[in-house]
Amino acid sequence: MKLWVKAALIGGSLAILAAMSAWWWHNNMQLQWQREPRQSPLAAGQPFLGATWLLRENGFAVDVVPSLDLVDVRKLRNGTLLLGGSAGVITQAKSDQLLAWVAAGNTLVFQPRALNKEEKRLLQKAGARGADAEEESEDDEAAGEDAQDAPDDAAARAARQGGDSAPEDAAEAEAESEAETEPDEEDAAEATEEEEEEEEPAGPVLKANETDGLAAVFNARSAHKYQQTVCSTLSRRLEPAHTPEAYKAPCPPGTVKAASLRLLDLPGMGELTLDPQSVRVRMLDERRVPLWTDNQLDGIRAYQHGRGQVVMAPGALFENHNLRQHDHGALLVGLARLNGAHKQVTIVKSRITVPWYALLWLHYKKVIIALAALLGLLFWASVRRFGPVLPDPAPARRSLMEHISASGAWLWKAKGGRQVLVDAARADLQATLQRRAPGLLRLSETQQHDELARLTGLSAAVIAHAMHYEPATAEAEFTRQIRTLQTLRKHYER
C-alpha cells in the first residue's frame, strides 16, 4: 500500500474519532438549557387565569365564580357568561333563567353534556338502520331495472310452445303469476303491524331526569371523535405541534396526516384557526340552522336566541393550557365582543354542586353576622330588666293546706294518682263504719247503699258510684265522688 493511502486512511480515522469525541463531549459533558413546561401554583388553582388577564387587557370587566350554584341569574350583569366544564347539573329552572337572560341581548358560551350509553346505543341503531335503508333502496332500483329489461316469463313460455293452445296457456300463466305476486290483504296488514312494532325512534328520547337543561333545549350533546396527531403511525403516536406550519409540513415516510385544522369565520374577527380537538358537538336534531359554525360543522355552533346568542364550544378551549394554541385567545375576545356595548364577562369554573361547607366558607361574613345576632337575642332574652338588683324577699313558712293542695294536684296529673286519692277516702270511710256501725258492714252492698241513703238523704246510685266505681276522669265527677265519701264519714262522726 502506498504511503499516501495509509496517510489518508489514518487521517480520516482520526477525523472521525475527533468528531465522535466532540459530539459525545457536547452532549454529555456540557451544560445545556432545556425547555421544561411548568405551571405555576396560581395557574394550577385557576384554570381560567390566562383568559381573565387576556379579557382585562382588552378592556373587559371579568368576574370569576367557582360554581353555577353561586350565580344569581336575576342579578347577573349584562354581557357574556362563559360556563366551564360539562360535568354537573343544570336544573330546568336555572336553564330557563339563563335563556331568559340571553334573550335580553347577552351571550352564553357553554359545552353540552356528553352522550350517555343509552343515547349512544340508539344513535348506533339509527345509523345502522339508515345504512340498511339505503342498501334496500339501491337493491330495489336495481331490481326494477332488471324487471323492465327482462321479458315476461309466461309470455315466453307460451311463445315457445306454439300452436293454438299458446294464447290460452299464456293467459293461464299470467293469471298464476298475478296471483303469486299480489299479496293477501290480511298478510299485508300483519306485515305492516310487525314493521310498526319493530320501528324504533330515530334519535335518543330525552328522559325526565335530564341533568342539562340547556342541552335539552338545543338537543345537543358532546361526543368524542378520534383525532390523529400531526403525523402518526399504527404503532405509536407523535406529540402534536400546535402550529399551522406543523399541519402544512409533509409527514415522514410510513406516517399519515391528521385531520385538518378547524377554520371559523367569526363575525368581526375574520377567519380564525382552531385546534381539531377530539371533542365535538353532536346535534341530535339538525333542523335548527346555526347562526354560524366552523368549516367541519361539529366544532363550534352559535344559535340566535331572542336578541342574544348561545354558543356551544367543545372542550376546554379557553383554559390555560389551550388558550395559547392557534387563535383560541382571539376567539375568546371575539365571543366577548358579540354583545357590542356590554363589557362584562362572567366566568363560571364549574357547574358541579358546591358542598355546604364550601358555601359556608364563601359566605363566612353572613354566617358571622347571623351568629352575632343570635347571641345578642339570647343575651336580651336572659336579661329581664335593667337597674339595681332588688333584695330577695324574706322566706315565709307555707301552710299545710298548700302542701296538701300541691300533693293533690300532682296526684291528679300522675298516672294512677286518682285511684290513690279515691282509695284513701274509701279506706277512711270503712274505718269509721267499723268503729261506729259494724252491723252495717254485715249487710250486702245493695242493702248498705239503701241504708246509707235512708240515713243521709243521698241517692243510692250516687253512694254506689262513690264506694265501688272506678275514679272519674272528669274533674266534676271526681270531686262528687270524694264529697260523697266525706259526707258519709262525717255522718257517723257526729
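Residues numbered from 1 in each chain as written. Predicted model: local features only at pLDDT ≥ 70, side-chain atom pairs only at ≥ 80, totals over all residues. Heavy atoms only, no water.

Just checking my understanding: could you explain the packing of helix α17 (residues 445–456) against helix α18 (residues 460–468) for this structure?
Between two packed helices, the angle of one axis relative to the other and the distance separating the axes together describe the packing. It is the contact of α17 with α18, at a shortest axis distance of 9 Å, that shows an interaxial angle of 120 degrees. One way to sum up the angle between α17 and α18 is to call them oblique. In the crossing of α17 with α18, the sense of the turn from one axis to the other is right-handed. Contacts from Glu445, Gln448, His449, Asp450, Leu452, Ala453 and Thr456 of α17 reach α18 at Ala460, Ile463, Ala464, Met467 and His468. Each residue belonging to the contact of α17 with α18 can be placed in one class, and the counts come to 6 nonpolar, 4 polar and 2 charged. (Axes fitted to C-alpha atoms, helices over the stretch in contact; angles between N-to-C directions. Helix = DSSP H or I, 4+ residues; strand = E, 2+ residues; numbered from the N terminus. Parallel < 35°, antiparallel > 145°, perpendicular 65-115°, else oblique. Left-handed = near helix turned anticlockwise from the far one by under 90°. Contact = heavy atoms within 4.5 Å. Nonpolar A, V, L, I, M, F, W, Y, C, P; charged D, E, K, R; others polar.)

Would you mind going over the pattern of salt bridges with me for this structure?
When the charged atoms of two side chains lie near each other, side chains of opposite charge can form a pair. Scanning all chains against the criterion turns up 4 salt bridges. A salt bridge links Arg74 to Asp72, with the nearest nitrogen and oxygen atoms 3.4 Å apart. The exposed category is assigned to Arg74, whose relative accessible area is 71%. For Asp428, the salt bridge identified is with Arg489, shortest N-O distance 3.2 Å. Of the two residues, Asp428 is situated in helix α16 (residues 417–436) and Arg489 in helix α19 (residues 475–491); the sequence distance between them amounts to 61 residues. (Salt bridge = Lys/Arg side-chain N within 4 Å of Asp/Glu carboxyl O. Buried < 20%, exposed > 50% of the residue type's maximum accessible area, 1.4 Å probe, protein only.)

Is there a simple way to explain the packing of α16 against α19 in this structure?
Between α16 and α19, the least distance of the axes is 9 Å, while the angle of their chain directions is 15 degrees. The orientation of α16 with respect to α19, classified from their angle, is roughly parallel. Crossing angle aside, the handedness with which α16 passes α19 is left-handed. Contact residues: α16 offers Arg418, Leu421, Val422, Ala425, Arg426, Asp428, Leu429 and Thr432, while α19 offers Phe478, Gln481, Ile482, Leu485, Leu488 and Arg489. Along the lines of polarity and charge, the residues of the contact of α16 with α19 split into 8 nonpolar, 2 polar and 4 charged.

Before we go on, may I ask you to explain the sheet that holds strand β11 (residues 301–305) in this structure?
Strand pairing in a sheet relies on backbone hydrogen bonds. The paired strands run either parallel or antiparallel. In space, the 7 strands of this open sheet follow the order β1-β13-β2-β3-β12-β11-β10, with mixed pairing throughout. Each edge of the open sheet is held by one strand with a lone partner, namely β1 (61–67) and β10 (292–293). With 3 bridges connecting them, strand β2 (residues 80–83) and strand β3 (residues 107–110) associate as parallel partners. If you follow Leu81 over to β3, its bridge partner there is Leu108. (Pairing = 2+ DSSP bridges.)

Please explain the confidence of the model for the chain as it appears in this structure.
Detailed reading of predicted coordinates is not advised where the pLDDT is low. With 73% of its residues at a pLDDT of 70 or more, the chain shows a mean pLDDT of 75. The spread of mean pLDDT over the elements of the chain runs between helix α6 (residues 153–161), the lowest at 41, and β3, the highest at 91. A low-confidence stretch, residues 232–243 stays under pLDDT 50, and its non-local contacts, those more than four residues away or across chains, total 17 contacts. (pLDDT = per-residue confidence, 0-100.)

How should I be thinking about helix α4 (residues 92–103) in this particular structure?
Because an α-helix packs 3.6 residues into every turn, residues spaced three or four apart end up facing the same way. The end-to-end C-alpha separation of α4 is 16 Å, in line with the 16 Å expected for 12 residues at 1.5 Å each. For α4, every residue scored as buried is listed here: Lys94, Ser95, Leu98, Leu99, Trp101 and Val102. Seen along its axis, α4 keeps its buried residues to an arc of 155 degrees; they face one direction. Opposite the buried face of α4, at more than 90 degrees from it, the exposed residues are Ala93 and Ala100. Buried residues belonging to α4 abut β2, β3, α9 (213–218), β11 and β12 (308–312). Immediately downstream of α4, the backbone of Gly105 shows phi near 115 degrees, a positive value. (Expected span 1.5 Å × (residues − 1). Arc of directions from axis to C-beta.)

Please clarify how the packing of aromatic side chains should be interpreted in this entry.
How two aromatic rings sit relative to each other is set out by the distance from centre to centre and by the angle between their planes. For the structure on display, the rule yields 2 aromatic pairs. On the numbers, 5.9 Å between centres and 40 degrees between planes, the contact of Phe218 with Tyr303 is tilted. Residue Phe218 is located in helix α9, and its partner Tyr303 is located in strand β11; the two are separated by 85 residues in the primary sequence. Classification of Phe218 by relative accessible area gives buried; the value is 3%. (Phe/Tyr/Trp six-rings, centres within 6.5 Å; stacked < 30°, edge-to-face > 60°.)

Is there a simple way to think about the layout of surface pockets in this case?
Leftover empty space is mapped by rolling, across the atoms, a probe with the size of a water molecule. Within this model, the largest pocket holds a volume of roughly 410 Å³. Taken together, 11 residues form the lining of the largest pocket, with Arg35, Pro37, Asn320, His321 and Arg324 sitting closest to its centre. Class assignment for the residues of the lining of the largest pocket results in 2 nonpolar, 6 polar and 3 charged. (1 Å grid on protein atoms, 1.4 Å probe; cavity = no way out; pocket = protein on both sides within 12 Å on 5 of 7 lines; lining within 4 Å. Points joined across faces, edges and corners; volume = space filled by probe spheres on them.)

Can you help me understand a nonpolar patch on the surface in this one?
A surface patch of nonpolar side chains, amounting to about 520 Å² of accessible area, comprises Trp23, Trp24, Trp25 and Met29. Relative to the elements of secondary structure, Trp24 occurs in helix α1 (residues 3–28). Trp24 gets classed as partly exposed once you look at its relative accessible area, which sits at 45%. (Patch = residues over 30% accessible without salt bridge, like charges linked within 9 Å, V, L, I, M, F, W, Y side chains within 5 Å. Areas by Shrake-Rupley, 256 points an atom, 1.4 Å probe, with all protein chains shown as cover.)

I tried to follow the side chain of Gln448 on my own but got confused; where do I start?
Tracing the backbone through its elements, the reader meets Gln448 in helix α17. A distance of 3.3 Å separates a polar atom in the side chain of Gln448 from the backbone oxygen of Leu440. (Polar contact = N/O pair within 3.5 Å; in protein donor to acceptor, adjacent residues only side chain to side chain.)

Would you mind showing me how to read the environment of Gln448 here?
We classify Gln448 as buried; its relative accessible area is 10%. Beyond its immediate stretch of four places on either side in the chain, Gln448 contacts Leu440, Leu441, Leu443 and Met467. For Gln448, the side chain forms a polar contact with the main-chain oxygen of Leu443, separated by 3.1 Å.

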